[in-house]
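Working through the structure, step by step
If you want the building blocks of each chain, they are given just below.
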Amino acid sequence: MTEEERNKEIEWLMGSIKRSAAGGRGMTFTLLFMSIIIIAFGILSIFFLKDDDGHIISLCIVALGGVFLLSGLISYFSHKIMAHAETPRELLAAHDRMWKIQSAILMVFFVVLAVVTHGGFVSKACLILSGVLLVIAGWLAMQHRLRLWVGILLLLVESVLLYFSGVGLLMGLPLLLAMVSIMKGEKSLFAGKESEGLDEEDEQDFRRLRELVEESESRIETNTNNK
């Protein structure tokens, strides 16, 4: 591929991603609306679930709503930055920053869930580690470095951790399905298949854009060193 062809593809990818980012605000407002409903439901459930287990369930619901609320706000402002990005590096930096913050929020949720649920140290540690593996798998997929054998290994370890965490089938199955979807490359950790805005195709565009930018920068650095 010539430098001109690479620059044209970079320009096309940037245009496609920026259009998707600009069109993703409807999805973000939907996510914010859903998070408010979830939080309100969790708060109301406190008055109806009187025992300790009921209060734990209510706190988990409120925490989940908080995760959606913060993720929606971060997504909204990140999409605005990406829609007005002028350079490929600026676009990639906004995307990566959004992913890192959302991953941190997800880990906080797993930690809170481990703290409030019943169980010993081993089960709580397994629950937190299962969240860590999801984040690692998402990062590897985002960087286009998730090999098949690595994904299979992560899936097996995730299954073992969820089994010993004692979260049960209701929560364990969605987490395993999330890991499988990351392995198949159908979507990233925070992108839904039927969502507006940035979806799994855009995540592939991000990976391709990252590859082209790195190739271009590497070629420039090689030419500079040869002079």
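Look up a bit, the structure's there.
Below is a summary of the structure that appears in this document. Computed from a predicted model, the values in this text were never measured in an experiment.

The next subject is the environment of Trp-12. Looking at where Trp-12 falls in the secondary structure, it is placed in helix α1 (residues 3-22). Once the C-alpha coordinates of Trp-12 and Leu-209 are considered, the two residues, 197 residues apart in sequence, prove to be 9.6 Å apart.

What follows deals with the environment of His-118. Position of His-118 among the secondary structure elements: in the loop between α4 (88-116) and α5 (121-142). With relative accessibility at 61%, the residue His-118 sits in the exposed group. Counting along the chain gives 48 residues from His-118 to Gly-166, while the straight-line C-alpha distance between them is 9.4 Å.

What follows is about helix α6 (residues 148-165). Over its 18 residues, α6 extends 25 Å from the first C-alpha to the last, a length consistent with the 26 Å expected when each residue adds 1.5 Å. When α6 is considered as a whole, its buried residues turn out to be Val-150, Gly-151, Leu-154, Glu-158, Leu-161, Leu-162 and Ser-165. Across the axial projection of α6, the buried residues extend over an arc of 95 degrees, all falling on one side. Away from the buried face of α6 by more than 90 degrees, exposed residues Leu-148, Trp-149, Leu-156 and Tyr-163 are located.

This next bit is on the environment of Leu-13. Considering the arrangement of structural elements, one finds Leu-13 in helix α1. Residue Leu-13 is classed as buried on the basis of its relative accessible area of 2%. Between the C-alpha atom of Leu-13 and that of Leu-209, which follows or precedes it by 196 residues, the distance is 6.5 Å. Among all residues touching Leu-13, those that are not within four sequence positions of it are Asp-205, Arg-208, Leu-209 and Leu-212.

We now examine the packing of aromatic side chains. Under the definition given, this model contains three aromatic pairs. Here the aromatic rings of Tyr-76 and Phe-77 are separated by 5.2 Å at their centres, their planes lie at 75 degrees, and the arrangement is edge-to-face.

Turning our eyes to something else, we now look at a nonpolar patch on the surface. On the surface, Ile-43, Leu-44, Ile-46, Phe-47 and Phe-48 cluster together into a nonpolar patch covering about 540 Å² of accessible area. Among the secondary structure elements, Ile-46 is positioned in helix α2 (residues 25-48). Accessibility expressed as a relative area gives 32% for Ile-46, which makes it partly exposed.

This part covers the pattern of salt bridges. Enumeration over the complete set of coordinates arrives at five salt bridges. The residue Arg-6 makes a salt bridge to Glu-215 at a minimum N-O spacing of 3.6 Å. Of this pair, Arg-6 sits in helix α1 while Glu-215 sits in helix α8 (residues 200-226), placing them 209 residues apart in sequence. Looking at Glu-215, the relative accessible area reads 38%, which means it is partly exposed. For Arg-210, the salt bridge is made with Asp-96, and the minimal N-O distance between the two is 2.9 Å.

Attention now moves to the side chain of Ser-216. You can see Ser-216 is positioned in helix α8. Looking at Ser-216, the relative accessible area reads 10%, which means it is buried. Among residues more than four places away in sequence, those in contact with Ser-216 are Glu-3 and Arg-6.

Membership of the largest hydrophobic core comes to 44 residues, with the highest contact counts inside it found for Met-82, Leu-91, Phe-110, Leu-146, Leu-154 and Leu-209. Those elements that provide at least two residues to this core are α1, α3 (52-83), α4, α5, α6, α7 (169-184) and α8. Element by element, the count of residues in this core is highest for α4, at twelve residues.

Rules and cut-offs
- Residues numbered from 1 in each chain as written.
- Predicted model: local features only at pLDDT ≥ 70, side-chain atom pairs only at ≥ 80, totals over all residues.
- Heavy atoms only, no water.
- Helix = DSSP H or I, 4+ residues; strand = E, 2+ residues; numbered from the N terminus.
- Buried < 20%, exposed > 50% of the residue type's maximum accessible area, 1.4 Å probe, protein only.
- Expected span 1.5 Å × (residues − 1).
- Arc of directions from axis to C-beta.
- Contact = heavy atoms within 4.5 Å.
- Phe/Tyr/Trp six-rings, centres within 6.5 Å; stacked < 30°, edge-to-face > 60°.
- Patch = residues over 30% accessible without salt bridge, like charges linked within 9 Å, V, L, I, M, F, W, Y side chains within 5 Å.
- Areas by Shrake-Rupley, 256 points an atom, 1.4 Å probe, with all protein chains shown as cover.
- Salt bridge = Lys/Arg side-chain N within 4 Å of Asp/Glu carboxyl O.
- Core = buried A, V, L, I, M, F, W, Y, C linked by side-chain atoms within 4.5 Å.

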